[in-house]
Amino acid sequence: MNEILSFFTGHAAEIWSETLRHIWLTLVSLFLAVIVGVLTGIFLTRKPSLSGSVIGIVNVIQTIPSLALLGFLLPFLGIGVFPSVIALFLYSLLPIVRNTFAGIMEVPASVKEAGLGMGLTKQQLLMKVELPLAVPVIFAGIRTATVVCVGVATLCALIASGGLGAFIYRGIALNNSAMIFAGALPAALLALLFDLLLGLVQKNIKTLLKPVLVVSIVLMFFLAGNQFYQSYSKGFTGGFQYEFMERRDGLSGLLTTYGFQLSTVELDVGLMYQAVQEGRVDVIGGYSTDGRIDAYELLVLEDDLNYFPPYQAAVTINANTLENYPYLTEVLNQLAGLINDEEMRQLNYQVDFLKQDVRKTVVDFLKAKGFKTDAEKNGQPDIAIGGKIFTEHFILAEMLKVFIENNTSLTVETKTGLGGTKICFEALKTDEIDLYVEYTGTGLEVLLKPEEQVIEPIIRDQQKVYDYVKENSEKEFGIIWLKPLGFNNTYALMMRKDKAKKLGIKSISDLKEYLTE
Amino acid sequence: MIEVKNLTKNYNGKPAVAHVSFTVSEGEKLILLGTSGSGKTTTLKMLNRLIEPDTGKIFINRQNIYTKPVEELRRKIGYVIQHTGLFPHYTVAENIKLVPELLGWKPKAMIEKVAELMEMLKLPAEMQSSYPDELSGGQKQRVGLARALAADPPLILLDEPFGALDPVTREHLQDEFLALEYLASKTMVMVTHDVAEAVKLGDKICLMSEGRIIQMGKAHELLFEPANDFVVSFFNPQRFLLELSIIQLDDLQDVFTDKAKSTEALPTIHADTPMIEVLKQFAANDTSKFAVSDGEDKVIYDASRAEILEAYYQKYK
């Protein structure tokens, strides 16, 4: 509770400005949706034969998952405020169209007939009879749309349009509940407030409709100026995950180390790769062996100042296992330096995007490297290989299994899909598994967690990090690090290949030069 | 006043109204009578163009109604419907002044008109600010009538105006309706399926079936000179009562020509009184005989209740 309070007081200005932004996003989208929705609803009452198909279409839009809709709009509208408004607008449409249509259709036929019979024109009938009588139903629709809108607007933080969602997603990424709360609470209050306000307008529609309309339009324009400015600056832009922007060893350190400025937007990790490929952002931060780098034809910029900590992959093995099978060290060290970044990326790409069978991918790779791969063993396993729950680990575990079974008499079982670093490491320590692939950076930052003074002098040197991790893991946990496999799965900046080539950018220093010119 | 020529309207290839022609003169009350599906309501709604005919012509005051804007036409025709169609979000007063407002009357004139109509139709003045939902069925129908009369239209169309009311309220309203002097000069076309109502309120009845006019004329003609079996069977269920309410004492005069007049002093009754009223009068006046006097207060015959009924049977059965 105290944590939450102190977060609120410490970030009051930021929370306030994100709340305003949230209000603005909701207001604009809702305003558009009310205009288009009510007009569409009215139109449908004049052409009821179309109502089924039109409401059907609007209904389908509503069922598209929000993030999928944002991804779908990205190629056409890019990232930032504009696609967010469009997405919110689309989500708000259904209840408004449907309720306007239903509200007007529900006006008793005798009342409409009497109105026409008295000599009202169709226009007058609409304004004097149909709309006033449909107001409660239409307003119910608008209120539903508002709540939906405030909720979905949190997602728009994922495509760089800010709003209260920014706190929520950053909070989730950093496992900071006070931060999540700072986004969720104002969002919930906003939904309630809007609903209350609309309820009030509905009850006093004659007196309140106009002033509220005027105030919201003024508010919209008033907020619009700084909203657009903040959201999406033109020019060279970087798109990054919240985690990367917030971390100590993330973006801010990078910019200080290299000494340049970069305008940035916050993006969802899934949308980030798409955004850079579509040219909506120019550079993104990702992991250097991610299969998407090949899939989206990206270039990893060389970290020529070695800013990013090394995350060299190496087999970690329990000392007890080595006692039983001492030859394993020698066998597995044959794999040292076998896979470079490029190759690991290819493997990830083949499994992730080409949907190739993991075993086939691994066997093809080992064959090409000149290793034996034809042994296939069944029966009681002698040792177990672990792996975290992502593609790279499925591939590596399978590769180790094939390699060991072909080069020793041992039978191997794989236990991949273990939740995370902690779980894998615990399993290794307790002999649940005998070995798995870990990264040196993780070993340092997550497992050993030495003092800052220890990290600082070694962090830019991958050999020193490896040596430190190897020595201390054995001492502290009885875990042996074998020789690195070759690739380094670290943070990296990446750009579209063709763009990088055009601008002559190969490394982060090149980027700095280009940007400071 | 109204001239309808050869109206035809088809729905999905089936004729709803076929070759309907009639005229209504100034101040006349025409009843369109028939079962549901007979085309009577369709015919009525073609008069204010809520429904457009496929073929045929309509003239009101010698003017073709299709030559001017439809709203202009409708604002000059009063329109009363069964479920009143009052605007639920308008007060009684707002409902009544709807058409005057459309016609751009001055506020003061509208206020006066509303008050005048409410008084005429026996609606309490404080009801002006009530909403239709707060009114009884009969009151709503009175407001509906007031709304139709507000702009003083020379022609009024009524679509089963008393159809949704209970029998007691209905009869009460019908009596008032008949008694309103204001309405006497108005031309009216009324749709109903209620034969008694047709006979009671209409100057002329137009009996329709399956979109066609079967017979048109005064109630007397339809009852006693039916064009075919359909007309006979349509009136049969209530024939006795209807005949009693149509036949007047002077209709029976020829039966009594040879009968000697009584010398006693008798209460007199006017010769244009319908039989049903006479039978009521016998009970009310505690007399065995009435002297029947004509327009110049000359006694044309006298008769007891039994004699009158006997004369009726003799002449009409």
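Residues numbered from 1 in each chain as written. Chains lettered and ligands numbered in written order. Predicted model: local features only at pLDDT ≥ 70, side-chain atom pairs only at ≥ 80, totals over all residues. Heavy atoms only, no water.

A word on the overall build of chain A
Across its full length, chain A carries 25 helices and 10 strands. The buried share among the 517 residues of chain A stands at 52%. A sequence separation of at least 24 residues applies to 79% of the contacts in chain A between residues at least 6 apart. Surface summary for chain A: the accessible area is close to 23000 Å², and the carbon and sulfur share equals 59%. Taking the average location of the 43 positive side-chain charges in chain A and that of its 53 negative ones, the two points are 11 Å from each other. (Helix = DSSP H or I, 4+ residues; strand = E, 2+ residues; numbered from the N terminus. Buried < 20%, exposed > 50% of the residue type's maximum accessible area, 1.4 Å probe, protein only. Contact = heavy atoms within 4.5 Å. Areas by Shrake-Rupley, 256 points an atom, 1.4 Å probe, with all protein chains shown as cover. Lys, Arg positive; Asp, Glu negative; His and termini not counted. Charge placed at Lys NZ, Arg CZ, Asp CG, Glu CD.)

Some words on the overall build of chain B
Of the regular secondary structure elements, chain B holds 14 helices and 13 strands. Within chain B, the proportion of its 317 residues that are buried is 52%. For chain B, restricting intrachain contacts to residue pairs at least 6 apart in sequence, the fraction spanning at least 24 positions comes to 65%. Distance between charge centres in chain B, computed from 36 positive and 45 negative side chains, equals 7 Å.

Notes on the interface of chain A and chain B
Size of an interface, as often reported, equals the accessible area lost when the parts are brought together. On the side of chain B, 21 residues touch chain A, which itself brings 16 residues to the contact. Across the chain A to chain B interface the summed buried area is about 1600 Å²; carbon plus sulfur atoms make up 66%. Inspection of the chain A/chain B interface yields one salt bridge. Across the salt bridge formed by Lys45 of chain B and Glu113 of chain A, the nearest N and O atoms sit 3.2 Å from each other. Across the contact surface, chain A and chain B share six residue pairs in polar contact (both at pLDDT 80 or more). (Buried area = accessible area lost by both parts, 1.4 Å probe. Salt bridge = Lys/Arg side-chain N within 4 Å of Asp/Glu carboxyl O. Polar contact = N/O pair within 3.5 Å; in protein donor to acceptor, adjacent residues only side chain to side chain.)

A closer look at the side chain of Asp159 of chain B
Residue and element names in this part refer to chain B. Among the secondary structure elements, Asp159 is positioned in strand E7 (residues 155-159). With no salt bridge to any partner, buried Asp159 finds its closest opposite charge in Lys45, at an N-O distance of 4.8 Å. Those residues in contact with Asp159, other than ones at most four positions away along the chain, are Thr41, Leu44, Lys45, Tyr79, Val80, Ile81, Gln82 and Val191.

Details of the confidence of the model for chain B
With 100% of its residues at a pLDDT of at least 70, chain B reaches an overall mean of 90. Listed scores for the predicted complex are pTM 0.72 and ipTM 0.85. (pLDDT = per-residue confidence, 0-100.)

Brief notes about the pattern of salt bridges
A complete count under the given rule lists 32 salt bridges over all chains for this structure. The residue Lys360 of chain A makes a salt bridge to Asp364 of chain A at a minimum N-O spacing of 2.9 Å. One end of the pair is Lys360 of chain A and the other is Asp364 of chain A, both in helix H18 (residues 358-368) and four residues apart, which spans about a single turn. For Lys360 of chain A, a relative accessible area of 45% corresponds to the partly exposed category. Residues Arg496 of chain A and Asp498 of chain A are paired through a salt bridge, measuring 3.2 Å at the closest nitrogen-oxygen approach. Owing to a relative accessible area of 26%, Arg496 of chain A belongs among the partly exposed residues under this scheme. Where salt bridges share partners, they join Lys113, Glu116, Asp152 and Lys186 of chain B into one cluster.

Description of the packing of aromatic side chains
Residues and elements named next belong to chain A. One pass over the structure, following the stated rule, counts 25 aromatic pairs over all chains. The interplanar angle of 45° and the centroid separation of 6.2 Å between the aromatic rings of Phe308 and Tyr491 together place this pair among those described as tilted. Of this pair, Phe308 sits in the loop between strand E4 (298-300) and strand E5 (312-318) while Tyr491 sits in strand E10 (residues 491-496), and the two are 183 residues apart along the sequence. For Phe308, a relative accessible area of 5% puts it in the buried group. A ring pair is formed by Phe425 and Phe477, whose centres lie 4.9 Å apart and whose planes are at 85°; its orientation type is edge-to-face. (Phe/Tyr/Trp six-rings, centres within 6.5 Å; stacked < 30°, edge-to-face > 60°.)

Thoughts on the sheet that holds strand E2 (residues 14-24) of chain B
Residues and elements named next belong to chain B. Read from one edge to the other, the open sheet built from four strands follows the order E2-E1-E4-E5, with strand pairing classed as antiparallel. A strand with exactly one partner marks an edge of an open sheet, and here the two such strands are E2 and strand E5 (63-64). As defined by bridge partners, strand E1 (residues 2-11) adjoins E2 across seven bridges and the pair is classed as antiparallel. Bridging across to E2, Lys9 finds its partner in Val17. The sheet strands contacting helix H1 (residues 40-47) are E1, E2 and strand E4 (55-60), and the helix crosses E1 at an angle near 120°. (Pairing = 2+ DSSP bridges. Axes fitted to C-alpha atoms, helices over the stretch in contact; angles between N-to-C directions.)

Quick look at the pairing of E1 of chain B
Residues and elements named next belong to chain B. In this sheet, E4 lies alongside E1 in antiparallel orientation, the contact comprising five bridges. Paired with Val4 across the strands is Ile58, a residue of E4. Joining the antiparallel neighbours E1 and E2 is a turn of two residues, in which Asn12 adopts a positive phi near 50°.

Observations regarding helix H13 (residues 269-277) of chain A
Among all positions in H13 of chain A, only Leu271, Met272, Tyr273, Gln274, Ala275 and Val276 of chain A are buried. Lining the buried residues of H13 of chain A we find helix H4 (66-77), strand E1 (237-240), strand E3 (283-287), helix H14 (292-295), E4 and E10 of chain A.

Regarding the nonpolar core
All names here are of chain A. If you look at the biggest cluster of nonpolar residues, it comprises 82 residues, and the most contacted ones within it are Trp24, Ile79, Leu267, Val281, Ile284 and Leu298. In terms of residue count, the dominant contributor to this core is helix H5 (residues 81-105) (13 residues). Setting aside chain neighbours within four positions, we find Leu298 in contact with Tyr273, Val276, Ile284, Arg292, Ile293, Met494, Met495, Arg496 and Lys497. (Core = buried A, V, L, I, M, F, W, Y, C linked by side-chain atoms within 4.5 Å.)

Structural notes on the confidence of the model for chain A
Confidence along chain A averages 88 in pLDDT terms, with 97% of residues attaining 70 or more. Per-residue pLDDT stays below 50 along residues 229-233 of chain A; that stretch engages in nine contacts with residues further than four places along the chain or on separate chains.

What to know about unusual backbone geometry
One non-glycine residue with positive phi stands out, namely Glu297 of chain A, at about 55°. With respect to the helices and strands, the residue Glu297 of chain A is situated in the loop between H14 and E4. Backbone geometry at Arg49 of chain B places phi at a positive 65°, although glycine is not the residue there. Its place among the elements puts Arg49 of chain B in the loop between H1 and E4.

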